[in-house]
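# Analysis of the macromolecular model
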Amino acid sequence: MIGFLRHRLFLINFVIKIITRIHPVITHNIAKINFFKDSFFSLNLEQIEGDYIEFGVFDGTSLISAYESNKVSSKKNGLTMNIEGPKRKFFGFDSFEEGFKIFDKRDEHPSWIDGNLKSSYEKTKKRIGKTLKDDEFTLVKGFVENTCKNVDPAKYSINKISLAFFDMDLGTPTLIGLEFIKTSLVVGSIISFDQYFAYKGSKEKGESYAFKEFREKNTHLVFRKYKNWGIRGMCFILIEIKK
């Protein structure tokens, strides 16, 4: 019995060493993929129409994960899906080669500085294009302050939105993105934030501040918390649009 306990504790210690050495970025991305699986399963089960829109594309990993999750869960299977899920296009907004840009002092953060997290527009488009057809996705290059502020989503052929994914980390561009999509949201739409609890969990900075201010300005949109995911992710479902 003692020998068994010693062996069991050795295995537990071994597992601890293995798991703690997996970088949090990897475990966070796994959680993100599971979030997309759950969300698109729900959206397709409920037959929620609308496209996918992403703010903060970087290298395209999230957009590809969203596409694959929707593709799998939208198929008619005679069990959970008696009809095909709604058709969707996938949109991504990012500054790409320019990386971060602080437009408001409120957004200052020790780890997110001007020029950080740059990516190549052409390489990202090529990578996404290996999974999605050209008519299935659109990438918009530039800061949202220039591409989305006071802009009608119809400019990019966006009508309804079923899932909006925010990964710009900063509050100012997130608020602009939220205002940009508000007329395209439908009952059942999901809004997700990758860094909702950033800035030491402050409600006055980052994505949390942006969503709080957005809801205060748009009280006709009623949201309900959906789930936490990953390291600091949070998402909500639009449950009512008041007249």
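Our subject is the structure that appears above.
What comes next concerns the included structure. (Residues numbered from 1 in each chain as written. Predicted model: local features only at pLDDT ≥ 70, side-chain atom pairs only at ≥ 80, totals over all residues. Heavy atoms only, no water.)

## Some words on the layout of surface pockets
Counted as a void, the largest pocket has a volume near 780 Å³. Lining the largest pocket are 36 residues, and of these Phe 58, Phe 100, Leu 117, Asp 167 and Asp 169 sit closest to its centre. Sorting the residues of the lining of the largest pocket by element identifies α2 (24–45), α3 (61–73), β2 (90–94) and α5 (144–147) as the ones contributing at least two each. Here the lining of the largest pocket takes five residues from α2, the largest share from any one element. Broken down by class, the residue content of the lining of the largest pocket amounts to 15 nonpolar, 12 polar and nine charged. When its volume is computed, the second largest pocket comes out at roughly 230 Å³. The wall of the second largest pocket is formed by Tyr 67, Asn 70, Lys 71, Ser 74, Lys 75, Glu 84, Gly 85, Pro 86, Lys 87, Arg 88, Phe 90 and Glu 136. Considering only residue class, the lining of the second largest pocket consists of three nonpolar, three polar and six charged. (1 Å grid on protein atoms, 1.4 Å probe; cavity = no way out; pocket = protein on both sides within 12 Å on 5 of 7 lines; lining within 4 Å. Points joined across faces, edges and corners; volume = space filled by probe spheres on them. Helix = DSSP H or I, 4+ residues; strand = E, 2+ residues; numbered from the N terminus. Nonpolar A, V, L, I, M, F, W, Y, C, P; charged D, E, K, R; others polar.)

## Here we look at the pairing of strand β7 (residues 233–241)
Relative to β7, strand β5 (residues 185–193) is paired through four bridges, and the arrangement is antiparallel. Its bridge partner lying in β7, Ile 191 is registered against Phe 236. Examined bridge by bridge, strand β6 (residues 221–229) and β7 share eight bridges and lie antiparallel to one another. By the bridge assignment, Asn 228 is partnered in β7 with Met 234. In textbook terms, the turn of a hairpin is the stretch between consecutive antiparallel strands, and for β6 and β7 this stretch comprises three residues, one of which, Gly 230, has a positive phi near 60°. (Pairing = 2+ DSSP bridges.)

## Overview of the nonpolar core
In this structure, Ile 53, Phe 55, Phe 93, Phe 180, Ile 181 and Ile 191 are the most contacted members of the largest nonpolar core, which totals 32 residues. When contributions to this core are tallied by element, the ones reaching two or more residues are β1 (51–55), β2, β4 (161–166), α6 (171–181), β5, α7 (206–217), β6 and β7. The element contributing the most residues to this core is α6, with five residues. With sequence-adjacent residues up to four places away left out, Phe 180 is seen in contact with Ile 53, Phe 55, Phe 93, Cys 148, Val 151, Asp 152, Pro 153, Tyr 156 and Ile 158. Counting 24 residues, the second largest nonpolar core, distinct from the first, contains Phe 35, Phe 40, Phe 165 and Val 186. (Core = buried A, V, L, I, M, F, W, Y, C linked by side-chain atoms within 4.5 Å. Buried < 20%, exposed > 50% of the residue type's maximum accessible area, 1.4 Å probe, protein only. Contact = heavy atoms within 4.5 Å.)

## Some details on unusual backbone geometry
With a phi angle near 55°, Leu 117 is a residue other than glycine that sits in the positive phi range. Within the secondary structure layout, Leu 117 lies in the loop between β2 and α4 (121–129).

## What to know about the packing of α6 against α7
Packed helix pairs are specified by the crossing angle of their axes together with the interaxial distance, meaning the distance between the axes. Two numbers describe how α6 lies on α7: the axes approach to 8 Å, and their chain directions differ by 35°. Once α6 is placed against α7, the crossing between them reads as right-handed. Along its contact with α6, which presents Gly 171, Thr 174, Leu 175, Leu 178 and Glu 179, the element α7 presents Gly 206, Glu 207, Tyr 209, Ala 210, Phe 211, Glu 213, Phe 214 and Lys 217. Tallied by class, residues from the contact of α6 with α7 come to six nonpolar, three polar and four charged. (Axes fitted to C-alpha atoms, helices over the stretch in contact; angles between N-to-C directions. Left-handed = near helix turned anticlockwise from the far one by under 90°.)

## Observations concerning the packing of α2 against α3
Relative orientation of the contacting elements α2 and α3 amounts to 40°, with a least axis distance of 8 Å. Between α2 and α3, the angle is such that the two are oblique. α3 is crossed by α2, and the crossing has right-handed handedness. For the pair α2 and α3, the contacting residues are Asn 29, Lys 32, Ile 33, Phe 36, Lys 37, Phe 40, Phe 41 and Asn 44 in the first and Thr 61, Ser 62, Ser 65, Ala 66, Ser 69, Asn 70 and Ser 73 in the second. (Parallel < 35°, antiparallel > 145°, perpendicular 65-115°, else oblique.)

Shape descriptors only; they carry no functional weight alone.
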